[in-house]
Structure formats: C-alpha cells, structure tokens
Amino acid sequence: MPSLNDTLGAVLLGAIFGFMLYGLMLHQTYRYYRMYPNDGVMLKGLIMIIVVMETFHTAMWILVCYEYLVISYFNPFNLVIVHWYIRLTIPLTAFTGMFSQIFYAGRVYYIGPQYRLLVAIAVVVMFVSLAWDLVATVKVFHSETLLQFEQYSWIVSVAYGLAVLCDIITASALIFVLRRSRTGVKRTDSVVDILVLYTINTGLLTTVVGMLVFIFALVQPGNLIYAAISIPGVKLYSNSVLAMLNSRRSLSARMNHDFGGDTEADRASRPTTPRPRTVLETWNVRQVPISLPVTLDVTASAHSDVEAMAGYSPDFGSTDGETSKADGESH
C-alpha cells in the first residue's frame, strides 16, 4: 500500500487547520452581529451567506475525512473512489471565496467612480475564475476515481490563478488609494498606515495561499496537497472579511482621537454620556456635509478615503429612523 502522506495525510492536516479557522470565524460572526446590529440588511445577508457556505464546506470535509480515514481504513481500493461529498467541495470552495471577494470589490466600488473600472475588471476575473471552477466540478462529477480526475487538476490551477489575480487587483487598488490619502500630518498618516498594513497583511496571506494551490495543482496533480491547502485557504477569506468589519469600532475610536486631538485626560474630564455611533461603526448611515475647522481641511479627503477603506458604504441600506438619528447627531 503506497504512502498516504501527500494525499489523505495532507488532507487531514489541512482539515485540522481549516476547522480551527472555522471556529474562529464563528466567534467573529457572533461578535459582528452583537457589535453592529444596525448594519444594512444587504451586508448582514452577505455575512450570513458566507457563514452558511463555510458551514457546508466544513461539513463536506468532515465527511471526506471520516469516509476515507475511518470507514475505508481497511479498504484501500475505496480510497481512490470519488464520493459525492468530495465532488461538492469544489463548487463550495469556489462560491465561498467569491462572496468574500465581492465584499472587497465593493469596498473599492464605494470609494469613488474613478476606481470602478478596476472593480469591473476584478469582477470579470472573479466570474471567469468561477466558470473554471464549475468546469472542474463537471469533470469531477464525471470521474469515478481520483486517478481519472488527476488529468483535470490543471483546471483547478487556472481557477485559483484567476482568483489570485482578482485579489491582487482589489488589494492594489485599496493600497493605492490609501497611499494617496497621506497628507504629511502625523495623526492622519498614522491611521492610514494602519489600514495600509492591514490591507497588505490580509491580501498577502490569501494571495500566498492561492499561489500555493495554483502551483501544487499544476506541478503535482497526483497528490492532494493542493486540496489540503485550499481548505484553510478559503476560510482565510471569510475571517479577513469579518476581521475588517469588526475592526471598525477600534478604527473609529483611533480616528476620533487622532482627528479630534482628545487625550485620556480630556475623556476622563467629560461627563459620561452615550457616545454617538460613527459611520465606521454603523456602515449604513449616509454621510452628511458638515462645517469643519480650518485646521482639519487638510485631512478631510483622507478621512473620507479611510472610512471607505475600513468598510463604510452608504448604499447598504438603513431605516429612516437610523438615518434621521445620524443626521441629527451630525448637525
């Protein structure tokens, strides 16, 4: 019996890391719905879709591990059979990653119309990648054994290569806009630097994992290392989306401090009154023009771009009561 280190052994290790990331995603989802109950219905729906897709994706890989490592432990001939749940892992991986990429493309879209051509290109690449994943799905459904699907693993490689290209486009656009938002003012640039660093870290991580899947599916189609890497890889997408959404409150506090010049002593001397929510926290409250002091004019453009980068979108929908309340607070 051949060694299973680079096939089922790799899948088991990938599943372990993927299941840990799934637990982290559930924790972040709980924090999101508890911290931001006033987010728009579309955004909440997108997060729920990602969670549901991730749950099915995790369930399929649990079935794969149990079938191949427990039920078929003494039946080596069954180890090469392609069961229905391993067939479903390809489309589930594709759609889960796509919904997360939609979120990142949406962030660039709401920055301004001058960047929407990049968004259009990213969306086209995204759907072409999805089309290749669906082709791979058709091929795996027509394959009775893993040996038969081995000749089609290059299709998975192409799909992941296009997904990496989509990630590079959106991440590069975000970094470009943030770098342009630097004003030379230390307090403004400190917030911009935090967002640039976060964008690089999250984009680099998903890009590196995607490149590994691309390479292994292309050069080593005879093993399942590429499938093992894809398990935690797709969960990095959902975790990065939720981490960005959940960071709005801390980023908002940092921005309020940096732009307003508040110190700990200033906040301690104020009476304890409920703090109004900012656009970074509520996401769906439209921006209202207000008169700013002359000393803040130099940072106005940067403030707007930073809000967009951190996940603010005025078009995700809000109730009239919420909008009126926000308008009153702004004035």
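Peer 1: So, the environment of Leu21: which residues are in play, and what are the values?
Peer 2: With respect to the secondary-structure elements, Leu21 resides in helix α1 (residues 8–35). Separated by 210 residues in the primary sequence, Leu21 and Ile231 have C-alpha atoms spaced 9.6 Å apart. In contact with Leu21, other than residues within four places in its own chain, are Pro232, Lys235, Leu236 and Asn239.

Peer 1: Got a sec to walk through a nonpolar patch on the surface? Specific residues and values, please.
Peer 2: Taken together, Leu12, Leu13, Ile16, Phe17 and Met20 make up a surface patch of nonpolar side chains, about 490 Å² in accessible area. Here Leu13 shows up in helix α1.

Peer 1: Lay out the packing of helix α3 (residues 84–109) against helix α8 (residues 225–246) with the relevant residues and their values.
Peer 2: At a minimum axis distance of 9 Å, the contact between α3 and α8 shows a crossing angle of 30°. The orientation of α3 with respect to α8, classified from their angle, is roughly parallel. The way α3 lies across α8 gives a crossing that is left-handed. Of the residues in α8, those touching α3 at Thr93, Thr96, Gly97, Ser100, Gln101, Phe103, Tyr104 and Arg107 are Val234, Tyr237, Ser238, Ser240, Val241, Met244 and Leu245.

Peer 1: Could you give an account of the nonpolar core, with specific residues and numbers?
Peer 2: Grouped burial of nonpolar side chains is what soluble globular proteins tend to show. Residues Tyr32, Ile47, Phe103, Tyr226 and Leu245 are the most contacted members of the largest nonpolar core, which totals 68 residues. Sorting the residues of this core by element identifies α1, α2 (41–71), α3, α4 (116–141), α6 (153–180), α7 (186–219) and α8 as the ones contributing at least two each.

Peer 1: Lay out the pattern of salt bridges with the relevant residues and their values.
Peer 2: Taken as a whole, this structure holds two salt bridges when the rule is applied. Here Arg248 ties to Asp39 by a salt bridge, and the two come within 2.7 Å at their closest N and O atoms. Placement of the pair is Arg248 in helix α9 (residues 248–260) and Asp39 in the loop between α1 and α2, with a sequence separation of 209 residues. Exposure remark for Asp39: the relative accessible area of 5% places this residue in the buried category.

Peer 1: Can you break down the side chain of Thr93 residue by residue, with the values?
Peer 2: Along the chain, the position of Thr93 falls in helix α3. Residue contacts for Thr93: discarding those within four places in its chain leaves His57, Tyr160 and Val234.

Peer 1: Tell me what's going on with α8, and back it up with residues and numbers.
Peer 2: Over its 22 residues, α8 extends 32 Å from the first C-alpha to the last, a length consistent with the 32 Å expected when each residue adds 1.5 Å. Of all the bends in α8, the greatest, near 25°, is centred on Ile231, and the proline Pro232 appears no more than four residues after it. Of all 22 residues that make up α8, 21 are buried, and the element is covered over most of its length.

Peer 1: Account for the packing of aromatic side chains, with residues named and values stated.
Peer 2: Centre distance and the angle of the planes are the two values used to describe a pair of aromatic rings. Applying the stated rule across the entire model yields seven aromatic pairs. Taking the centre distance of 5.1 Å and the plane angle of 70° together, the rings of Trp84 and Tyr85 count as edge-to-face. Judged by its relative accessible area of 49%, Trp84 is partly exposed. Exposure remark for Tyr85: the relative accessible area of 8% places this residue in the buried category. In textbook terms, an aromatic cluster arises when at least three aromatic residues are bridged by ring pairs, as seen for Tyr32, Tyr33 and Tyr36. The aromatic ring of Tyr109 is capped on one face by Arg116, whose charged end is 4.1 Å from the ring centroid.

Peer 1: Mind laying out the side chain of Ser153, listing which residues take part and the relevant values?
Peer 2: Checked against the element boundaries, Ser153 lands in helix α6. The residues touching Ser153, leaving out its near neighbours within four places in the chain, are Ala217, Pro221 and Tyr226.

Peer 1: Residues and numbers for the environment of Gly210, please.
Peer 2: Mapped onto the secondary structure, Gly210 falls in helix α7. With a relative accessible area of 6%, Gly210 lands in the buried category. With 45 residues separating them in the primary sequence, Gly210 and Leu165 have C-alpha atoms 9.6 Å apart.

Criteria and cut-off values
- Positions within a chain are numbered from 1, following the residues in the order the chain's sequence is written.
- Under the rules for a predicted model, residues below a pLDDT of 70 receive no local features and side-chain atom pairs below 80 are neither given nor counted, while totals for whole chains, interfaces and linings still include all residues.
- Only hydrogens and water are set aside when side-chain values are computed; all heavy atoms of the structure are taken into account.
- Note on conventions: DSSP H or I runs of at least 4 residues are helices, E runs of at least 2 residues are strands, and numbering of each starts at the N terminus.
- Residue contacts follow a heavy-atom distance rule, with two residues in contact if any of their heavy atoms lie within 4.5 Å.
- Candidates for patches are residues over 30% relative accessible area with no salt bridge; among them, like charges are joined within 9 Å and nonpolar side chains (Val, Leu, Ile, Met, Phe, Trp, Tyr) within 5 Å.
- Each accessible area value is a Shrake-Rupley result obtained with a 1.4 Å probe; residue values ignore everything except the protein chains displayed when judging cover.
- In the sections that follow, a salt bridge refers to a side-chain nitrogen of Lys or Arg positioned within 4 Å of a carboxyl oxygen of Asp or Glu.
- For every element, the axis is a line fit to its C-alpha atoms; helices are fit only across the contacting stretch, and the angle between N-to-C directions ranges from 0 to 180 degrees.
- What sets the label is the angle itself: under 35 degrees gives roughly parallel, over 145 gives roughly antiparallel, 65 to 115 gives roughly perpendicular, and the rest give oblique.
- Crossings are sorted by hand: turned counterclockwise from the far helix by less than a right angle, the near helix makes the crossing left-handed, and turned clockwise it makes it right-handed.
- Only buried residues count toward a nonpolar core. Its members are Ala, Val, Leu, Ile, Met, Phe, Trp, Tyr and Cys residues joined through side-chain atoms within 4.5 Å.
- Relative accessible area decides the class of each residue, using a 1.4 Å probe on protein chains only: under 20% of the type maximum gives buried, over 50% gives exposed, and in between gives partly exposed.
- Helix span is expected to be 1.5 Å times the residue number reduced by one.
- Each residue is assigned a bend, namely the angle between axes fitted to the seven residues that terminate at it and the seven residues that start at it.
- Side-chain rings of Phe, Tyr and Trp (the six-membered ring for Trp) are treated as a pair once their centres are within 6.5 Å; stacked means planes under 30 degrees apart, edge-to-face means over 60, and tilted covers the remaining angles.
- Two conditions define a charge sitting above a ring: the NZ of Lys or the CZ of Arg must be within 6 Å of the ring centre, and it must be within 35 degrees of the ring normal.

Spatial relationships are all this shows, so hold off on functional conclusions.
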